[in-house]
Amino acid sequence: MAFYRLGGEWSRSRRWRRFARVWMQRCPLWIFSLCLLSLIYFSFFGIKVNQGIFSSNEIGELEFSRPPRAKSRKHHVPCEVRFLESVDDLVEPENYMKFVQFSLTYITKEEIPDENNIFKPQFGGHQTLKQRENSYYARNQTLHCGFVKGPEGFPSTGFDLHEKDKEYMATCKVVVSSCIFGSSDFLRRPTKSKIHTYSKKNVCLVMFLDELTLAKLSSEGQIPDDNGYIGLWRIIVVKNLPYADMRKTGKIPKFLSHRLFQSARYSIWIDSKMRLQADPLLILEYFLWRKRSEYAISNHYDRHCVWEEVLQNKRLNKYNHSAIDEQFRFYQSDGLMKFNESDPSSPLPSCLCHFHVLVEQILSFPLSSCDRFCHYCVFADVPEGSFIVRAHTPMSNLFSCLWFNEVNQFTSRDQLSFAYTFLKLRRMNPGKSFFLNMFKDCERRAIAKLFHHRTEDSHPPPAS
């Protein structure tokens with residue numbers, strides 16, 4: 001009996017050990033499954049419960065102001081750009097400049113209004129709402145487009161240039177320009193080996209600097225030679241900057257190249273954080289002449305809806321949130337609508353061809369089908385504005401003035417006003433085409449190398 005009793009106790013002990021071993025093996029899996037189910041439950045139903053305390057209006061406001069979730073960092077790479085092999089025998093196509101024709105003149109001086117005893121001259125002028133609305137018509141007109149002076153005896157409104165520099169700028173027919181204000185960047189010289197000898201002699205490469213930046217560059221050993229050059233850049237010093245915001249001042253050479261270089265037929269803008277590594281004349285041929293376009297700018301590398309751009313600017317604190325909201329509320333009140341891909345009556349991306357936007361990579365059906373959809377189109381797109389190629393045609397000049405006026409009136413974040421400006425210009429001028437080429441961002445990366453802005457612990461780049 002004792003043997004069996006001991007054997008039974010031993011058997012029960014073995015069963016308990018086996019149960020404990022199985023429990024220890026499976027317990028973590030059960031606990032993990034339970035935690036996962038709980039997480040899924042509270043992630044979904046918890047949000048629904050919390051949203052129930054807001055009214056519908058408050059939810060809309062919350063969705064507008066809530067920062068977007070951070071996305072995983074994407075790796076953007078250049079793609080092939082099929083330039084011609086040489087600028088030899090390169091000639092502007094016959095009849096290329098036969099775009100919409102009208103005459104633009106610009107307001108250069110303002111007088112003190114009779115009802116206003118306190119008057120301060122401004123570089124952008126004092127544009128009324130009526131003047132603003134009328135300026136969007138593509139017709140013979142006189143409009144605000146920067147460089148507005150005050151009455152006799154008032155101080156300059158800014159962006160003052162030396163007469164010698166003005167004389168040089170008046171000789172330019174094709175221009176590549178950039179700027180550095182407030183010592184915010186290094187001077188990045190174009191890659192000489194990529195630019196043909198003919199272009200070096202016939203294309204003006206102009207870098208606008210303020211005195212602070214020139215002093216900083218000089219302390220680093222980058223001093224203009226006797227002819228005013230540092231490498232291929234012709235240095236032009238700007239005095240009396242018109243805006244305290246350096247970013248807004250930078251929009252003057254960016255948008256108003258037709259005002260600065262009044263004899264030029266073409267201009268290329270490149271941001272100071274980029275180094276040009278392609279021939280300017282080959283750039284004109286590829287982005288304008290070959291595409292039959294008068295204005296070329298790349299799509300944004302990550303965002304394609306201006307709503308997303310608004311939220312991103314607020315998430316990264318790129319500008320005062322109240323100023324961004326004020327600008328966007330005004331645009332919405334004037335008809336800017338959000339693109340909704342789930343709505344059958346909303347435009348498809350390829351619908352942009354109705355506005356003569358040449359986005360080749362997304363055109364997947366005939367133009368006639370595109371036109372049929374585009375009667376309901378609302379343009380809402382975001383550019384990467386660090387590289388712009390343009391012919392100085394009337395419509396291109398008008399668009400540049402309108403875009404500058406939006407930046408002058410609202411925030412310096414020009415990506416917020418691009419879609420609105422383009423949409424309003426097209427809406428108010430049916431039958432008058434503006435040929436805009438929004439090219440792929442990877443092409444932009446292929447023709448200009450991107451760097452970070454200057455920081456306190458960064459070092460100047462070597463001369464190329």
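Residues numbered from 1 in each chain as written. Predicted model: local features only at pLDDT ≥ 70, side-chain atom pairs only at ≥ 80, totals over all residues. Heavy atoms only, no water.

Caption draft 1: Seen up close, the overall build of the chain. Counting its regular elements, the chain contains 16 helices and twelve strands. Looking at the chain as a whole, 46% of its 464 residues qualify as buried. Sequence separation of at least 24 residues holds for 83% of the intrachain contacts in the chain that already meet a minimum separation of 6. Within the structure as shown, the chain displays about 25500 Å² of accessible surface, and the carbon and sulfur contribution to it stands at 55%. (Helix = DSSP H or I, 4+ residues; strand = E, 2+ residues; numbered from the N terminus. Buried < 20%, exposed > 50% of the residue type's maximum accessible area, 1.4 Å probe, protein only. Contact = heavy atoms within 4.5 Å. Areas by Shrake-Rupley, 256 points an atom, 1.4 Å probe, with all protein chains shown as cover.)

Caption draft 2: The sheet that holds strand β10 (residues 383-391), seen in detail. Read from one edge of the open sheet, eight strands run β5-β6-β4-β3-β7-β10-β9-β11, paired in mixed fashion. Of all the strands in the sheet, the pair left with one neighbour each is β5 (229-230) and β11 (436-439). Sheet contacts for helix α14 (residues 394-409): β9 (295-299) and β10; angle to β10, the most-contacted strand, approximately 145°. (Pairing = 2+ DSSP bridges. Axes fitted to C-alpha atoms, helices over the stretch in contact; angles between N-to-C directions.)

Caption draft 3: Inspection of the nonpolar core at higher detail. Within the largest apolar cluster, 61 residues are counted, with the highest numbers of intra-cluster contacts made by F159, F208, F261 and W403. Apart from the residues lying within four places of it in its own chain, the contact partners of F261 are M169, C172, V175, V206, F208 and H392. Listed in part, the 40 residues of the second largest apolar core include V81, L282, F287 and F439. (Core = buried A, V, L, I, M, F, W, Y, C linked by side-chain atoms within 4.5 Å.)

Caption draft 4: Spatial organisation of the environment of Q122. Positionally, Q122 belongs in the loop between β1 (104-106) and α3 (129-134). Among the residues examined, Q122 registers a relative accessible area of 38% and is labelled partly exposed. On a C-alpha basis, the gap between Q122 and G150 in space is 7.4 Å, while along the polypeptide they are 28 residues apart.

Caption draft 5: Examining the confidence of the model for the chain more closely. Residue-level pLDDT values for the chain average 81, and 73% of them are 70 or greater. Note on residues 45-68: pLDDT is under 50 here. Beyond four places in sequence and across chains, it has 19 contacts. A low-confidence stretch, residues 344-380 stays under pLDDT 50, and its non-local contacts, those more than four residues away or across chains, total 68 contacts. (pLDDT = per-residue confidence, 0-100.)

Caption draft 6: Region of interest: the packing of aromatic side chains. With the rule as written, the count across this model stands at 31 aromatic pairs. For the pair W307 and F328, a centre-to-centre distance of 4.8 Å together with 75° between the ring planes defines the contact as edge-to-face. Note that W307 is positioned in helix α11 (residues 306-315) and F328 in helix α12 (residues 321-333), a separation of 21 residues in sequence. Of the residues examined, W307 reaches a relative accessible area of 12% and is grouped as buried. Their ring planes at 45° and their centres at 5.6 Å tell us that F399 and W403 sit as a pair that is tilted. Of this pair, F399 and W403 both sit in helix α14, four residues apart, which is roughly one turn of that helix. We classify F399 as buried; its relative accessible area is 0%. (Phe/Tyr/Trp six-rings, centres within 6.5 Å; stacked < 30°, edge-to-face > 60°.)

Caption draft 7: Summary view of the side chain of N429. Tracing the backbone shows N429 in the loop between α15 (418-427) and β11. A distance of 2.8 Å separates a polar side-chain atom of N429 from the backbone oxygen of Y136. Engagement of the side chain of N429 in a polar contact is seen with the backbone oxygen of L425, the distance being 2.7 Å. Once residues within four sequence positions are removed from consideration, N429 is found in contact with Y136, Y137 and A138. (Polar contact = N/O pair within 3.5 Å; in protein donor to acceptor, adjacent residues only side chain to side chain.)

Caption draft 8: Quick look at the packing of α11 against α12. Taken N-terminus to C-terminus, the directions of α11 and α12 make an angle of 165°; their axes are 10 Å apart at the nearest point. The angle between α11 and α12 places the two elements in the roughly antiparallel class. For α11 against α12, the interelement crossing comes out left-handed. Seen from α11, the contacting residues are V306, W307, V310, N313 and K314; seen from α12, they are H321, I324, D325, F328 and Q332. Per-class residue counts for the contact of α11 with α12 are five nonpolar, three polar and two charged. (Parallel < 35°, antiparallel > 145°, perpendicular 65-115°, else oblique. Left-handed = near helix turned anticlockwise from the far one by under 90°. Nonpolar A, V, L, I, M, F, W, Y, C, P; charged D, E, K, R; others polar.)

Caption draft 9: View of unusual backbone geometry. If you check the backbone angles, F159 has positive phi at about 60° while not being a glycine. Structurally, F159 is set in the loop between β2 (141-143) and α4 (163-169). Here R292, not a glycine, exhibits a phi torsion of approximately 55°, which is positive. Inspection of the secondary structure assignment puts R292 in the loop between α10 (280-289) and β9.

Caption draft 10: The arrangement of the pattern of salt bridges in detail. Scanning the entire structure with this criterion turns up 19 salt bridges. K109 serves as the salt-bridge partner of E152, at 3.7 Å between the closest nitrogen and oxygen. Remark: K109 occurs in the loop between β1 and α3 and E152 occurs in the loop between β2 and α4; sequence separation between them is 43 residues. The exposure class assigned to E152 is exposed, which follows from its relative accessible area of 71%. (Salt bridge = Lys/Arg side-chain N within 4 Å of Asp/Glu carboxyl O.)

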